[in-house]
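# Coordinate analysis (summary)
Residues per chain, in single letters:
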Amino acid sequence: GNSVTQMEGPVTLSEEAFLTINCTYTATGYPSLFWYVQYPGEGLQLLLKATKADDKGSNKGFEATYRKETTSFHLEKGSVQVSDSAVYFCALSDFENTGKLIFGQGTTLQVKP
Amino acid sequence: GAGVSQTPSNKVTEKGKYVELRCDPISGHTALYWYRQSLGQGPEFLIYFQGTGAADDSGLPNDRFFAVRPEGSVSTLKIQRTERGDSAVYLCASSFRADTQYFGPGTRLTVL
């Protein structure tokens, strides 16, 4: 069945460092791919999405490219800030059916000043 | 506009009791989803409503779990004979025609 695998955390970086959080997926058909973020004490928020192969989603300096050939959707940011400290979830959705989301286990990012 | 709201924010109950968790979706959103998030894990799908009907309930773990959406707006997730393993954060999300989902803050359920 469909599944999402994220790199294990926690990831600890210094401010202004480059961030990569790896995400790979297994799916039938052509899913849409998402990154959601959960800041401390807050609910899940959509960070970015991509709906077809080679699409690049971007928001708040974060980017991820839908790579069908490697079944990946890695999250990147060129210069992280302390305020980026949160848990990041990769997810896929098959909009051809119910649109339900399948999430990875989450990766905790801690950015130190 | 108002986002997805969930009540209560926290619920503590005893093993064997019945609980109801409520979700108010964004106005006009026809699709509504329930997920369960255990500590340190990603959310897991429970059930999906399109309008009033449950279009996919394949994620409900057993027959103690049931959800309704009688008027196509507010939804209630009902758990009978609660067990300690039901302790988790229950998330609700809504979307317009199964497009991007917007999540509520969740209800933290603790079964003692």
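Here's what I pulled together on the structure shown here. Not measured: the values here are computed from a predicted model. (Residues numbered from 1 in each chain as written. Chains lettered and ligands numbered in written order. Predicted model: local features only at pLDDT ≥ 70, side-chain atom pairs only at ≥ 80, totals over all residues. Heavy atoms only, no water.)

### Observations concerning the packing of aromatic side chains
Given two aromatic rings, one states the distance between the centres and the angle between the planes to describe the pair. Scanning all chains against the criterion turns up twelve aromatic pairs over all chains. Of the aromatic side chains, those joined through ring pairs into one cluster are Phe34(A), Tyr36(A), Phe89(A), Phe103(A), Tyr33(B), Tyr35(B), Phe45(B), Tyr48(B) and Phe103(B). (Phe/Tyr/Trp six-rings, centres within 6.5 Å; stacked < 30°, edge-to-face > 60°.)

### Here we look at the state of the cysteines
For the structure shown, the criterion picks out two disulfides over all chains. Cys23(A) shares a disulfide with Cys90(A); S-S distance 2.0 Å. Taking the sign of the S-S torsion, -70° for the link of Cys23(A) and Cys90(A), the bridge is left-handed. One end of the pair, Cys23(A), is in strand 4 (residues 23-26); the other, Cys90(A), is in strand 10 (residues 86-93), and 67 residues separate them in sequence. With relative accessibility at 1%, the residue Cys23(A) sits in the buried group. Note on Cys90(A): relative accessible area 1%, which makes it buried. Each sulfur in the disulfide pair Cys23(B) and Cys92(B) lies 1.8 Å from the other. Across the disulfide from Cys23(B) to Cys92(B), rotation about the S-S bond amounts to roughly -65°, and the bridge is consequently left-handed. Pair noted here: Cys23(B) is in strand 3 (residues 19-24) and Cys92(B) is in strand 9 (residues 88-95), with a separation of 69 residues, a long-range link. (Disulfide = S-S within 2.5 Å. Helix = DSSP H or I, 4+ residues; strand = E, 2+ residues; numbered from the N terminus. Buried < 20%, exposed > 50% of the residue type's maximum accessible area, 1.4 Å probe, protein only.)

### Comments concerning unusual backbone geometry
Looking along the chain, the bond that leaves Gly9(A) and enters Pro10(A) is cis, with omega of -5°. Inspection of the secondary structure puts Pro10(A) in the loop between strand 1 (3-6) and strand 2 (11-14). The amide bond that connects Thr7(B) to the next residue, Pro8(B), takes the cis arrangement and shows omega of -10°. One non-glycine residue, Glu16(A), lies in positive phi territory at about 75°. Looking at the secondary structure, you find Glu16(A) in the loop between strand 2 and strand 3 (19-21). The exposure class of Glu16(A) is exposed, given its relative accessible area of 61%. You will see that Asp54(A), though not glycine, has its phi angle at about 75°, which is positive. Tracing the backbone shows Asp54(A) in the loop between strand 6 (44-50) and strand 7 (56-59).

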